[in-house]
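Listed here are the chains, written in short residue letters.
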Amino acid sequence: MLFAFGEIFAPSNFLLLVLSGIAGIIVGCLPGLTATMALALLVPFTFTMPAITGLIMLGGLYVGAMFGDAIPATLINTPGTPSAIATTFDGYPLAKKGLAQHALTANAFSSLVGGLIGTILLLTLSPPLAELGLKFGPPEYFWMAIFGLTIIGTLASQSILKGLTGGALGLLLSTIGISPIAGDVRFTFGVTNLQAGVDLMVALIGFFCIPQVLEMVEFGVKHHRPVKYKPQKGVALQTIAFLLRKPILLIRSSLIGVLIGIIPGAGGNIAALVSYNEAVRWSKTPEEFGKGNIEGIAATETANCSVVQGSLIPMLTLGIPGSPAAAVILGALMLHGMRPGAEMYTTFGHITYTFIFSFFVGVIVMFIFTAWGSRIFARMVNVPLQHLAPMIAFLAIVGSFAIRNSLLDVGLMLLFGLCAYVLHKLGFESGPVVLGLIMGPFAEQGLVQSILMGRASGSVLRLMFSRPISLVLIGLCLASVIWPMVSHWQGKLRTGQREQGPAAAEQPSAAITEEGVVMGRDQ
């Protein structure tokens, strides 16, 4: 292992790790360019390199993209990749308050923690975690999707009815195209390109980016009074110190990211949403989430980054990639003549351990870059509105076109953006719609396959309600539905106590202090 660790610090390997990580940050910053796309483009260049060097570059690029996607999510409310959806919920409100540096530092440190914990689990618990991932069948995928949909209760706390309506709209959008099991063509209206369905990234850009541009134009330069960012000394240390007082939040989010990462096809977007939901559920001040709470950022970014290592666990041990990006890395392994399984830890052990250790070094290097660069990135909020709005619109159009080189995607993105703008005026949020769009394919495919399996085995109900992991997920669904009602009742109770005791009402909760650090009660 010492030899493997030393390989990373060979001058050429370390330089390529840093360069690929910076490239990953740039890719993550640009909406429409995903980590999977960048890895696929990089693989041909690594074919002529030694296997260790090539894998170090791929690992650095993957980690860098997970660090970088939170930057546009925080500054312009547009997730760089689907994994950063939940980062917009609290990151952008903080940026609007002039606290972009706090949010970006929290992004960087949370990603560092998630990456380190994920790497430790990848190094020590790969075989048992991979076996757990294999126990997920169609019923478990269905219940996992239902559990994900219960997050609507958190995303739409202002109006559950509007949240459910938005979630239903997202589920309807997810049915566009060819059905995954029967092969029926649905809601394409004769447009051949729609048979592939609605691309998630196109929908994300439309629902999150275009409404921001339209609101900027609506209010205009004369009436818009943006909060200017002013660099402050000690922000990074204060933010990190605050997060270090939240060990349960960071560890829980990391474990969620790893566990969801090992489930094939799940990915960082689901992990981040589930982690955000759990952070809200266990917080003593859930009403502060969605308004610029740094704990919300920490929950999503920690899970988002630990998914990277989680997705590699089944890939290295069983040859089953946990994410599209892991599938690309699997292809690179096979190009170099390596086959996943026991040989990865024996015959090719020095390469495998060097690859795993490169994540340790990679996340630390990326943390240094993003934390140091937070003061520079945060200045983007000071860009004049007349320049910022066209720049965001340009990036949105280029990003949506680059995904599949399709003008139809650009048109869909603009259509989704206009719909999101109108829905926002009517009190509907984009989060539930996008959540329905993400969970729809999982729920549909899991349900249809479960029904087919149940009919073949004699009982659909027994299949759906008798498997151990399904029972655990059903319990989580029930808890997720009941908890918002309990939390609402507790909030009313606390409000009543504060009204009775003025002194208690003066105590700070999750708010911005004079020192400029978002504070909250310790868990």
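Everything quoted here is computed from the prediction, not taken from an experiment.

**With respect to the overall build of the protein**
- A count of helices and strands for the protein gives 24 helices and four strands.
- Counting across all 523 residues of the protein, residues that qualify as buried make up 56%.
- Sequence-distant contacts in the protein: of pairs separated by 6 or more residues, those separated by 24 or more amount to 78%.
- Taken as a whole, the protein presents about 22000 Å² of accessible surface, with 70% of it coming from carbon and sulfur.

**Overview of a nonpolar patch on the surface**
- A surface patch of nonpolar side chains, about 510 Å² in accessible area, is lined by Leu-169, Leu-172, Phe-187, Phe-189 and Val-191.
- Within the secondary structure layout, Leu-172 lies in helix H11 (residues 160-174).

**Brief notes about unusual backbone geometry**
- Of note, the phi angle at Phe-187 is positive, near 55 degrees, even though the residue is not glycine.
- Looking at where Phe-187 falls in the secondary structure, it is placed in the loop between strand S2 (185-186) and helix H12 (200-223).
- Phi is positive for Phe-189, which is not a glycine, with a value near 55 degrees.
- Tracing the chain through its elements places Phe-189 in the loop between S2 and H12.

**Describing the packing of aromatic side chains**
- With the rule as written, the count across this model stands at ten aromatic pairs.
- On the numbers, 6.1 Å between centres and 65 degrees between planes, the contact of Phe-109 with Phe-367 is edge-to-face. Separated by 258 residues along the polypeptide, Phe-109 in helix H7 (residues 100-124) and Phe-367 in helix H18 (residues 349-377) bring together distant segments of the chain.
- Phe-109 sits in the buried class, given a relative accessible area of 8%.
- One aromatic cluster in this structure is built from Phe-89, Tyr-276 and Phe-289.
- Here the guanidinium or amino end of Lys-162 rests over the ring plane of Phe-428, the centre of that ring lying 5.7 Å away.

**A word on the packing of helix H4 (residues 51-68) against helix H17 (residues 324-335)**
- Put simply, H4 and H17 touch, their axes get as near as 11 Å, and they point 170 degrees apart. Considered as vectors, H4 and H17 are oriented roughly antiparallel to each other. Between H4, through Leu-55, Leu-58 and Tyr-62, and H17, the contact on the second element is made entirely by Ala-325, Ile-329, Ala-332 and Leu-333.
- Taken together, the residues of the contact of H4 with H17 sort by class into seven nonpolar, no polar and no charged.

**A look at helix H13 (residues 235-244)**
- Along H13, the residues that are buried comprise Val-235, Thr-239, Ile-240, Phe-242 and Leu-243. Seen along its axis, H13 keeps its buried residues to an arc of 155 degrees; they face one direction. Facing away from the buried surface of H13 by more than 90 degrees, the exposed residues are Leu-237 and Leu-244.

**Here we look at the side chain of Glu-301**
- Looking at the element boundaries, Glu-301 is found in helix H16 (residues 294-318).
- Although Glu-301 lies buried, it forms no salt bridge, and the closest oppositely charged side chain, Arg-252, sits 15 Å away as judged by the N-O distance.
- At a separation of 2.6 Å, a polar atom in the side chain of Glu-301 contacts the side chain of Thr-87.
- Dropping the residues within four chain positions of it, Glu-301 is found in contact with Met-66, Asp-69, Ala-70, Thr-87, Asn-107, Ser-110 and Ser-111.

**Observations concerning the pattern of salt bridges**
- Taken as a whole and judged by the stated rule, the model has four salt bridges.
- Where Glu-444 meets Arg-186, a salt bridge forms, and the shortest distance between an N and an O atom there is 2.6 Å. Of the two residues, Glu-444 is situated in helix H21 (residues 430-457) and Arg-186 in strand S2; the sequence distance between them amounts to 258 residues.
- Of the residues examined, Arg-186 reaches a relative accessible area of 19% and is grouped as buried.

**So, the confidence of the model for the protein**
- Averaged over the protein, the pLDDT score is 79; the fraction of residues at 70 or greater is 83%.
- When mean pLDDT is compared element by element in the protein, helix H20 (residues 407-425) scores highest at 89, while strand S3 (residues 511-512) scores lowest at 44.
- Under a pLDDT of 50 for its full length, residues 502-523 has, in the predicted model, 50 contacts with residues more than four places off or in other chains.

**A word on the environment of Leu-237**
- Within the element layout of this structure, Leu-237 appears in helix H13.
- Each C-alpha atom, one on Leu-237 and one on Thr-105, is 9.0 Å from the other, the two residues being 132 residues apart in sequence.

**Regarding the packing of helix H14 (residues 247-261) against helix H15 (residues 268-282)**
- One way to put it is that H14 packs onto H15 with a least axis distance of 9 Å and a crossing angle of 150 degrees. In terms of axis orientation, H14 runs roughly antiparallel to H15. At the point where H14 passes H15, the crossing takes the right-handed sense. Contacts between H14 and H15 involve Leu-249, Arg-252, Ser-253, Ile-256, Gly-257 and Ile-260 from the former and Ile-270, Ala-271, Val-274, Ser-275, Glu-278, Ala-279 and Trp-282 from the latter.
- Grouping the constituent residues of the contact of H14 with H15 by class yields eight nonpolar, three polar and two charged.

**A short note on the side chain of Asp-90**
- Mapping Asp-90 onto the fold places it in helix H6 (residues 87-96).
- Here the side chain of Asp-90 touches Tyr-276 through a polar contact of 2.9 Å, side chain to side chain.
- Among the polar contacts listed, one links the side chain of Asp-90 to the backbone nitrogen of Lys-291, at a separation of 3.4 Å.
- Each residue touching Asp-90, except ones within four places of it in the same chain, is listed here: Tyr-276, Glu-288, Phe-289, Gly-290, Lys-291, Gly-292, Asn-293, Gly-296 and Ile-297.

**So, helix H3 (residues 35-46)**
- For H3, with twelve residues, the first-to-last C-alpha span of 16 Å sits near the 16 Å given by 1.5 Å per residue.
- Within the span of H3, buried status applies to Ala-35, Ala-38, Leu-39, Leu-42, Val-43 and Thr-46. For H3, the buried positions fall inside an angular range of 145 degrees around the axis, keeping them on one side. In H3, the exposed residues that point more than 90 degrees away from the buried face are Leu-41 and Pro-44.

**Here's the deal with the environment of Gly-475**
- Relative to the helices and strands, Gly-475 is located in helix H23 (residues 468-500).
- Relative accessible area serves as the criterion here: at 36%, Gly-475 is assigned to the partly exposed category.
- Separated by 332 residues in the primary sequence, Gly-475 and Trp-143 place their C-alpha atoms 9.9 Å from one another.

The rules behind these values
Residues numbered from 1 in each chain as written. Predicted model: local features only at pLDDT ≥ 70, side-chain atom pairs only at ≥ 80, totals over all residues. Heavy atoms only, no water. Helix = DSSP H or I, 4+ residues; strand = E, 2+ residues; numbered from the N terminus. Buried < 20%, exposed > 50% of the residue type's maximum accessible area, 1.4 Å probe, protein only. Contact = heavy atoms within 4.5 Å. Areas by Shrake-Rupley, 256 points an atom, 1.4 Å probe, with all protein chains shown as cover. Patch = residues over 30% accessible without salt bridge, like charges linked within 9 Å, V, L, I, M, F, W, Y side chains within 5 Å. Salt bridge = Lys/Arg side-chain N within 4 Å of Asp/Glu carboxyl O. Phe/Tyr/Trp six-rings, centres within 6.5 Å; stacked < 30°, edge-to-face > 60°. Lys NZ or Arg CZ within 6 Å of the ring centre and 35° of its normal. Axes fitted to C-alpha atoms, helices over the stretch in contact; angles between N-to-C directions. Parallel < 35°, antiparallel > 145°, perpendicular 65-115°, else oblique. Nonpolar A, V, L, I, M, F, W, Y, C, P; charged D, E, K, R; others polar. Arc of directions from axis to C-beta. Lys, Arg positive; Asp, Glu negative; His and termini not counted. Polar contact = N/O pair within 3.5 Å; in protein donor to acceptor, adjacent residues only side chain to side chain. pLDDT = per-residue confidence, 0-100. Left-handed = near helix turned anticlockwise from the far one by under 90°. Expected span 1.5 Å × (residues − 1).

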